[in-house]
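# Structural overview
What follows is the residue order along each chain.
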Amino acid sequence: MASQEIEALSGALARLPGLGPRSARRAVLWLIKRRETALPQLLNALTQVQELLVECEVCGNVDTANPCGICTDPRRDQRSICVVEEVADLWALDRARLFTGKYHVLGGRLSALEGVRPEDLTIGQLLDRVGHGGIDEVVLAMNATLEGQTTAHYIAERLEDAPVRVTQLAHGLPVGGELDYLDEGTLAQALRARRPVG
């Protein structure tokens, strides 16, 4: 039996996505074995993130600077915005290095069952960004779920009168699939084959 503190650490790690109780126990044992080197590094990294973490007021990304590194990068295409549901989707697309524009994180997706309405998401901020001008294309990169496609359709309707080209990731993404779990090849093909909405 481990002490109450070690069990608490194991329990905290087990709540992380992808880690169950057994994996969490293995991680705790690994940290204990390397407590002189690995544990201080982990504690320092967690403390720094806790102190510096902010949500970008422009796009909704999570970073240690506001605006985030993507929004302030002068090499980014200022005329193109890729709209995603969650920060994990932004990171998945950006990791593939295929989209060179800016992003907009909605903070979820429309869902009648879960009670998520348009005003619960950052759709208003997206419309404001487009309304300020200088945007040529809005890429709707919603997950290929019923809720994701409903959200994309709603945004496309709201942008119907805006002077922008609204495109969507190509179908061919697995139905029910989520962007964060797709490989770079699949994401690359979906981005290359994007098409106008409507």
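Quick notes on the rules
- By convention here, each chain's residues receive numbers from 1 onward along its written sequence.
- Only residues with pLDDT of at least 70 get local features here, since the model is predicted, and only at 80 or more are side-chain atom pairs given and counted; chain-wide, interface and lining totals rely on the full set of residues.
- Computation of side-chain values covers all heavy atoms of the structure but excludes hydrogens and water.
- UniProt positions are given in the numbering used here, feature names are shortened, and annotations may be inferred rather than shown by experiment.
- Only DSSP runs of H or I reaching four residues or more are called helices, and only runs of E reaching two or more are called strands; each is numbered from the N terminus.
- When checking whether two residues touch, look at their non-hydrogen atoms; a contact exists if any pair is within 4.5 Å.
- The Shrake-Rupley method, run with a 1.4 Å probe sphere, supplies the accessible areas, and residue values consider only the shown protein chains as cover.
- Each axis is a line fitted through C-alpha atoms, taken for helices only over the stretch in contact, and angles between the N-to-C directions span 0 to 180 degrees.
- Any angle that falls under 35 degrees is termed roughly parallel, while one over 145 is termed roughly antiparallel, one within 65 to 115 roughly perpendicular, and all others oblique.
- When the near helix sits turned anticlockwise from the far one by under a right angle, the crossing is termed left-handed; a clockwise turn instead gives a right-handed crossing.
- Each domain's extent is set by a domain assignment, obtained either automatically or from a database.
- For the purposes of this analysis, a disulfide is any pair of cysteine sulfur atoms at a distance within 2.5 Å.
- Buried means the residue's accessible area, taken with a 1.4 Å probe over protein chains only, is under 20% of the maximum for its type, while exposed means over 50%, and partly exposed covers the values in between.
- Salt bridge, as applied in this entry: a Lys or Arg side-chain nitrogen positioned within 4 Å of an Asp or Glu carboxyl oxygen.
- For this analysis, a polar contact is any N or O atom pair within 3.5 Å, provided that within protein one partner can donate a hydrogen and the other can accept it, and provided that sequence-adjacent residues contribute only side-chain to side-chain pairs.
- At least two bridges found by DSSP between two strands are what make those strands a pair.
- Directions from the helix axis toward the C-beta atoms define the arc.

Under the annotation held in an unreviewed UniProt entry, the protein chain carries the name Recombination protein RecR and is attributed to Novosphingobium subterraneum. A UniProt comment under Sequence similarities (unreviewed entry) is attached to the protein chain, and it reads "Belongs to the RecR family." On record in UniProt, under Function (unreviewed entry), the comment for the protein chain is "May play a role in DNA repair. It seems to be involved in an RecBC-independent recombinational process of DNA repair. It may act with RecF and RecO."

So, on to the overall build of the protein chain. For the protein chain, the helix and strand inventory stands at eight helices and seven strands. Taken along its principal axes, the extent of the C-alpha atoms in the protein chain is 65 × 35 × 35 Å. Of the contacts made within the protein chain by residues no fewer than 6 positions apart, 55% connect residues no fewer than 24 positions apart. Taken as a whole, the protein chain presents about 12000 Å² of accessible surface, with 54% of it coming from carbon and sulfur.

Taken N-terminus to C-terminus, the directions of helix α1 (residues 4-14) and helix α2 (residues 21-33) make an angle of 125°; their axes are 8 Å apart at the nearest point. Looking at the two axes, α1 sits oblique to α2. By crossing handedness, the relation of α1 to α2 is classed as right-handed. Taken together, the residues of α2 that come into contact with α1 (itself represented by I6, L9, S10, L13 and A14) are P21, A24, R25, A27, V28 and I32.

Turning to the domain arrangement of the protein chain, a few remarks are in order. Along its sequence, the protein chain is organised into domain 1 (4-52) and domain 2 (77-168). Distance between the C-alpha centres of domain 1 and domain 2: 35 Å.

As a further point, take the state of the cysteines. According to the stated counting rule, one finds zero disulfides in the structure shown. No disulfide involves C56; its nearest neighbouring cysteine sulfur is the one of C71, lying 3.8 Å away. Exposure remark for C56: the relative accessible area of 2% places this residue in the buried category. Between C71, a free cysteine, and C59, which holds the nearest cysteine sulfur, the sulfur-to-sulfur gap is 3.6 Å.

Per the stated rule, a full pass over the model turns up eight salt bridges. Of the charged contacts, one joins R79 and D136 as a salt bridge, the two residues approaching to 2.7 Å between their closest N and O atoms. Here R79, found in strand β3 (residues 77-84), pairs with D136, found in the loop between α6 (123-131) and β5 (137-140); they are 57 residues apart in sequence, far enough to count as distant. Through salt bridges that share partners, R117, E119 and D120 make up one connected network.

You can see H104 is positioned in strand β4 (residues 101-105). On the basis of relative accessible area, H104 is assigned to the buried category, the value being 1%. For H104, the side chain forms a polar contact with the main-chain oxygen of T122, separated by 2.9 Å. In contact with H104, not counting residues within four places along its chain, are V58, C59, I81, C82, V83, V84, T122, Q125, L126 and R129.

This part is about the sheet that holds strand β6 (residues 165-168). Reading across the sheet, the five strands line up as β4-β3-β5-β6-β7 and stay open at both edges, with mixed pairing between neighbours. A strand with exactly one partner marks an edge of an open sheet, and here the two such strands are β4 and β7 (195-196). Across the sheet, helix α5 (residues 87-95) is in contact with β3 and β4; its angle to β4 comes to roughly 160°.

With that settled, consider the UniProt feature "zinc finger region: C4-type" (unreviewed entry) in the protein chain. The UniProt entry lists residues 56-71 under the feature "zinc finger region: C4-type" (unreviewed entry), expressed in the numbering used here. Structurally, residues 56-71 comprises 19% helix and 12% strand, and the distance from its first C-alpha atom to its last is 8 Å.

This part takes up the environment of S23. Checked against the element boundaries, S23 lands in helix α2. Residues S23 and L13, spaced 10 residues apart in sequence, show a C-alpha to C-alpha distance of 8.6 Å.

Bringing α6 into the picture now. Buried within α6 we find I123, L126, L127, R129 and V130. Looking down the long axis of α6, one finds its buried residues gathered within 155° of arc, a one-sided arrangement. Residues of α6 that are buried sit in contact with β3, β4, β5 and α7 (146-158). G133 lies just past α6 and shows a positive phi near 90°.

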